[in-house]
Every structure is written in C-alpha cells, then in structure tokens.
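# Observations on the three-dimensional arrangement
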Amino acid sequence: MPDPSNIVGESVEELVKRAQRGDMEAFATVFEGLRPDVFRVACRLVGVDDAKDIVMDAFLKAWQAIPRFAARSSLRTWLYRITYNCAVDYLRGRQHRGEEPLSESGVETDQIPDLQDTSSRRPDEILSGMELAEKMAAALVRLPIEHRATLELRYSDGLSYTEIASATGVSIGTVMSRLFNGKRKLRKILEAGPIE
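Bear in mind the structure is a predicted one, so any value in this text is a computation, not a measurement. (Residues numbered from 1 in each chain as written. Predicted model: local features only at pLDDT ≥ 70, side-chain atom pairs only at ≥ 80, totals over all residues. Heavy atoms only, no water.)

## Notes on the overall build of the protein chain
Check the secondary structure of the protein chain and you find nine helices and zero strands. Traced from its N-terminal end to its C-terminal end, the protein chain shows the element sequence α-α-α-α-α-α-α-α-α. Residue burial in the protein chain is summarised as follows: out of 196 residues, 41% are buried. Within the protein chain, counting contacts between residues at least 6 apart in sequence, those at least 24 apart form 68% of the total. (Helix = DSSP H or I, 4+ residues; strand = E, 2+ residues; numbered from the N terminus. Buried < 20%, exposed > 50% of the residue type's maximum accessible area, 1.4 Å probe, protein only. Contact = heavy atoms within 4.5 Å.)

## Overview of the confidence of the model for the protein chain
Overall, the prediction assigns the protein chain a mean pLDDT of 78, with 73% of residues at 70 or greater. At the level of individual helices and strands, the protein chain shows its lowest average pLDDT in helix 1 (residues 5-8), which scores 43, and its highest in helix 4 (residues 48-65), which scores 92. The model gives residues 1-8 a pLDDT under 50, and that stretch makes 17 contacts with residues more than four places away or in other chains. (pLDDT = per-residue confidence, 0-100.)

## Here we look at the packing of aromatic side chains
As enumerated under the stated definition, the model contains five aromatic pairs in all. Between F31 and W78, the aromatic rings sit 6.5 Å apart at their centres with planes inclined by 55°, giving tilted as the arrangement. With a gap of 47 residues between them, F31 in helix 3 (residues 24-46) and W78 in helix 5 (residues 75-96) connect regions that are remote in the sequence. What makes F31 buried here is its relative accessible area of 2%. Counting every residue linked through ring pairs, the aromatic cluster contains F27, F31, F59, W63, F69 and W78. (Phe/Tyr/Trp six-rings, centres within 6.5 Å; stacked < 30°, edge-to-face > 60°.)

## Quick look at unusual backbone geometry
Despite not being glycine, A71 has its phi angle at roughly 60°, a positive value. Examined against the element boundaries, A71 turns out to sit in the loop between helix 4 and helix 5. The exposed category is assigned to A71, whose relative accessible area is 53%.

## Side note on the environment of V46
Here V46 shows up in helix 3. Here V46 falls in the buried class, since its relative accessible area comes to 1%.

## Concerning helix 8 (residues 161-168)
Given 3.6 residues per helical turn, the α-helix brings residues three or four places apart onto the same face. Among the residues of helix 8, those classed as buried are I164, A165, A167 and T168. The arc enclosing the buried residues of helix 8, seen along the axis, measures out at 165°, which places them on a common side. Immediately downstream of helix 8, the backbone of G169 shows phi near 75°, a positive value. (Arc of directions from axis to C-beta.)

## With respect to a nonpolar patch on the surface
A surface patch of nonpolar side chains, about 250 Å² in accessible area, is lined by Y161, I172 and M176. Examined against the element boundaries, I172 turns out to sit in helix 9 (residues 172-191). Given the relative accessible area of 37%, I172 is considered partly exposed. (Patch = residues over 30% accessible without salt bridge, like charges linked within 9 Å, V, L, I, M, F, W, Y side chains within 5 Å. Areas by Shrake-Rupley, 256 points an atom, 1.4 Å probe, with all protein chains shown as cover. Salt bridge = Lys/Arg side-chain N within 4 Å of Asp/Glu carboxyl O.)

Below, the structure written as structure tokens:
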C-alpha cells in the first residue's frame, strides 16, 4: 500500500486530523493510498462490475464518519469495515430486489494466484493450477458473504483475527467460527463436483 504521508510530507495522523476538521484534500490524500485495497475487498464481496460503486459509497460514508474516527483500530481496518458494511447492504438489497446472485464472471481475477516462473513449469501444470484457481473462485462465490469475507480478509489480505473482527464488527470467536465453517463449506462445495 502506498504511504500517503510521503505525498505531502505529513504523517497519516496529521492528515487524518486535518480531514476530521473538514479538509477534503487531506482526506483524499490519505484515502487515495487505500483505494486499491478497498477496491480489492469490494471486488471479492460484490464482483468487479459493482465494486466501484461500493468503493464510492464506502469513501462517502468514510468522509461523513471521519470526524468520529477514534483510532481504536487502524485506518485501513476501519475503512474495511465501512466497505464490508456497504457490500453487505448492497447484497441484501440485491436479494430483496430478486436479482441473481454473483456469478463466476463477477469474481475478480485478483483471486487467482500469480503463477510463478512459467518457463520452468509444464503446460499441463499451469493449466491445472488455473483450473483449480477458477474452481476455488467459483466455490467462494457460493459461500454466504460472512464466510467469504472472513476467508478473503484472512487469506487474501492477511489480516489478523483482531483486524478481521474489527473490520466485520464481530467478536474474535465469531471470526474463528466463520473461518472454520467457511473452510468446511468450501471443502464440501469443491468435493461436490463440477461448479456451474
């Protein structure tokens, strides 16, 4: 993640304090550095097509809430929580409107692991790895958002249990339960055979 403090020579804390006093330029400086991370989380939760809307909604809500930011968690974790809440609200609204759930094509390709030096791997190994990544992405989409988000925040973003708890607004015990149950459900989906 880019360090926003290098942009203007101020620390992130100073920029946040300025943003809390209504300085939109300071807010933009801090949050532009976090945009790629927020976009990645939004893509995993709602798909690429709707992620930009979720990011904009999250940033608007963050701007409205920044005066109340008390730094009990990191700024990144705080923004992840806002993004998570925006995505959950969006998905609930989509279910209420009777829209189709997220399809395989809505999954961000960033979930597919980077391939290592392909020159030293056989084509069948590369294809097998890509097929596995596609199956995993399709299976993740079929999980309830709470499990999918928890798994993604832990294994794709590398957040600790405490950070995930803060980002999703649940206890550490719930995070542990969601990780356990999410992995179990993911295994069952993968073992059930072809995913359509």
